[in-house]
Amino acid sequence: MTVLPVVILFIAAPFLLAPYLPLSFADLTATWLVVMLVMAAFTVVGYRHHPAITPRPHLRLASRLESVRSGNTVPSAAPALEAKIEAPPTGFLGRLTGTRMVLWEESRKQFIIFSVVFAIGVAWWAIGSQYRPWPPLNEVLRKMALLPFSTPSAPIMEPIVFGALLILANVGDVWMTSRIRSLRTLPVSSSTLGSLTVVLGLTSAAMLWLVLLALHGLVLRTLPSSPRLDLFMAFAALSTTTRTIRFVAPLQDKAKSMICLAPIFAVWLAAGYFVDSKDTWRPGLVQPAMLIGGLLTLVASWAVMRLAVTRSSRMYRPQPAVPTV
Amino acid sequence: MVPRLIIDVVRRRWHIGAFAVFQLHIFYPLVAKFWPSSAGMAVTMCGGWFLSMASADLFSLRVLFQLPVSRRTWWLARWWMSVVAAVVIAQLASSIGQWREGSPLFGVEYALLSLIFGVLYCGFSMGIRTTPLGKSGVSRRRSRLR
């Protein structure tokens, strides 16, 4: 999770620097040439990199190779290393099993991601406003549609910002919620498993609402004037759909990670049709669409997932043996 | 050997690249509409970097590691895919978006400038990955796989 700020920084940096980027070769100032030289130096360092000889990923030979490398030239004579087994959690976490364990892991992950994203944003504003005449924090957050409880109508930035939040929420995969074969080891019925994606989507939206409520209270110091159920439902539905695609699509993990983002891009594409000829946003049309479309998508995702875990013969077909090393 | 590895991965995963062009090409008009100042090079840099991250596991298939290929060769193949191929895909999508929108940015000079900046940005990122900060993330992911 410590890598997350670096990931966000690399995604955000081009957009934050966009107004200063050169438009032609004639715009390349001395500052940009220095920046390009620094980047070129790192590029050369990366190209000339010689990876260290370590165990290949997936080969599970770390312990033996480490002992050979430490001076013992005969692998079979290497002393047996102590198994590195993490101590099992105790207390509340140790008692969690089945669906509750998955929900806890996922809620914690989502809460940390959303908190870190907003903390970085607020810190960026706090630092930047020292050097530039930026508007107050509540104005910035309102323009970025991050104070949804302060107004009952949806601003134009909402689909873009919340879509981006959904992409960020998919950045860190919890081991249990990335593939259905892991979930099948849980002591839960097929019905519960079929409903899991819907519950996870609602959990993700709930965590975002918690963080947004805290932000609203800290910045505006007022009670929320609108619960924005339509936005909650749309976010939960999109989150559920991405998870359902990830579980059900018969592709490799990396391809699934890309394909599962397709609904977000579809929403961004559709958002363009809700802007009329005068470039005016039509929240009166958007918000019912978000609420009803969200509910329908939740039901459809639940049906697809349930069909996959109860009817699909692919799930019960014998899996190919994993070659041992 | 590096060109062979690259050709092989392109042959096996070309559809992912095509889908990435499609996704980014959808993304471009929205950025141009809501955030005009960032439509152009920022999309190429950000999209290229995102694809660069996504291409990290292109050569991590177990069957590929049976080949008698050095780690340096694997790294070079990955570098070309993560730095050059990713940026070319992002720039292709960006150029299609600019052409469809009738943007004044559409042209050879701006495309070339965007490609250079994109390659430097992704190359910078790959350089960072060889530092202790980048390695810490990789080792944590691998330890979870064991």
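Rules used throughout
- Residues numbered from 1 in each chain as written.
- Chains lettered and ligands numbered in written order.
- Predicted model: local features only at pLDDT ≥ 70, side-chain atom pairs only at ≥ 80, totals over all residues.
- Heavy atoms only, no water.
- Helix = DSSP H or I, 4+ residues; strand = E, 2+ residues; numbered from the N terminus.
- Buried < 20%, exposed > 50% of the residue type's maximum accessible area, 1.4 Å probe, protein only.
- Areas by Shrake-Rupley, 256 points an atom, 1.4 Å probe, with all protein chains shown as cover.
- Salt bridge = Lys/Arg side-chain N within 4 Å of Asp/Glu carboxyl O.
- Phe/Tyr/Trp six-rings, centres within 6.5 Å; stacked < 30°, edge-to-face > 60°.
- Patch = residues over 30% accessible without salt bridge, like charges linked within 9 Å, V, L, I, M, F, W, Y side chains within 5 Å.
- 1 Å grid on protein atoms, 1.4 Å probe; cavity = no way out; pocket = protein on both sides within 12 Å on 5 of 7 lines; lining within 4 Å.
- Points joined across faces, edges and corners; volume = space filled by probe spheres on them.
- Axes fitted to C-alpha atoms, helices over the stretch in contact; angles between N-to-C directions.
- Left-handed = near helix turned anticlockwise from the far one by under 90°.
- Contact = heavy atoms within 4.5 Å.
- Nonpolar A, V, L, I, M, F, W, Y, C, P; charged D, E, K, R; others polar.
- Parallel < 35°, antiparallel > 145°, perpendicular 65-115°, else oblique.

Asks: Explain the overall build of chain A residue by residue, including any values.
Replies: Check the secondary structure of chain A and you find 13 helices and 0 strands. Secondary structure elements in chain A, listed N-terminal to C-terminal, are α-α-α-α-α-α-α-α-α-α-α-α-α. When burial is assessed residue by residue, chain A has 39% of its 325 residues classed as buried. Accessible surface, chain A as shown: approximately 18100 Å² in total, 69% of it carbon and sulfur.

Asks: Which residues make up the pattern of salt bridges, and what values go with them?
Replies: All names here are of chain A. Per the counting criterion, the structure on display carries 7 salt bridges over all chains. The residue R243 makes a salt bridge to E106 at a minimum N-O spacing of 2.7 Å. Taken together, the positions of R243 in helix α10 (residues 229-248) and E106 in helix α5 (residues 98-131) put the pair 137 residues apart, joining distant regions of the chain. There is no split in this pair, since R243 and E106 are both buried. One continuous salt-bridge network, built from bridges that share partners, spans E106, K109 and R243.

Asks: Residue-level account of the packing of aromatic side chains, with values.
Replies: This model, assessed by the stated rule, comprises 14 aromatic pairs over all chains. Aromatic side chains F10 of chain A and Y121 of chain B sit 5.6 Å apart centroid to centroid with 55° between the ring planes, which places their arrangement in the tilted category. Of this pair, F10 of chain A sits in helix α1 (residues 4-17) while Y121 of chain B sits in helix α4 (residues 108-129), each in a different chain. For F10 of chain A, a relative accessible area of 10% puts it in the buried group. Look at F162 of chain A and F235 of chain A: their rings are 6.3 Å apart centre to centre, the planes differ by 80°, and that puts the pair in the edge-to-face class.

Asks: A description of a nonpolar patch on the surface should follow, citing residues and the corresponding values.
Replies: Residues and elements named next belong to chain A. Together, L16, W124 and W134 make up an exposed nonpolar region whose accessible area comes to about 290 Å². With respect to the helices and strands, L16 occurs in helix α1. The exposure class assigned to L16 is partly exposed, which follows from its relative accessible area of 36%.

Asks: I'd love a proper account of the layout of surface pockets, names of residues and values included.
Replies: Residues and elements named next belong to chain A. Taken as a whole, the second largest pocket encloses approximately 460 Å³ of empty space. P159, A234, L238, V267 and M290 are, among the 22 residues lining the second largest pocket, the residues nearest its centre. Counting only elements with at least two residues in the lining of the second largest pocket, the list comes to α7 (158-169), α10, α12 (262-271) and α13 (283-310).

Asks: Can you break down the packing of helix α3 (residues 71-101) of chain B against α4 of chain B residue by residue, with the values?
Replies: All names here are of chain B. Relative orientation of the contacting elements α3 and α4 amounts to 145°, with a least axis distance of 9 Å. Handedness of the crossing formed by α3 with α4: right-handed. Only Y110, A111, S114, L115, G118, V119, C122, G123, M126 and R129 of α4 make contact with α3, whose side of the interface consists of W75, R78, W79, S82, V83, V87, V88, Q91, S95 and Q98. Here the residues of the contact of α3 with α4 sort into 11 nonpolar, 7 polar and 2 charged.

Asks: Outline the packing of helix α9 (residues 190-220) of chain A against α10 of chain A, listing residues and values.
Replies: Residue and element names in this part refer to chain A. It is the contact of α9 with α10, at a shortest axis distance of 8 Å, that shows an interaxial angle of 135°. Compared by their axis directions, α9 and α10 come out oblique. For α9 against α10, the interelement crossing comes out right-handed. Residue-level inspection shows T197, V198, L200, G201, L202, S204, A205, A206, L208 and W209 of α9 in contact with α10, the latter providing L231, F232, F235, A236, S239, T240, R243, T244 and F247. Of the residues in the contact of α9 with α10, the class split is 12 nonpolar, 6 polar and 1 charged.

Structural measurements only, silent on function.
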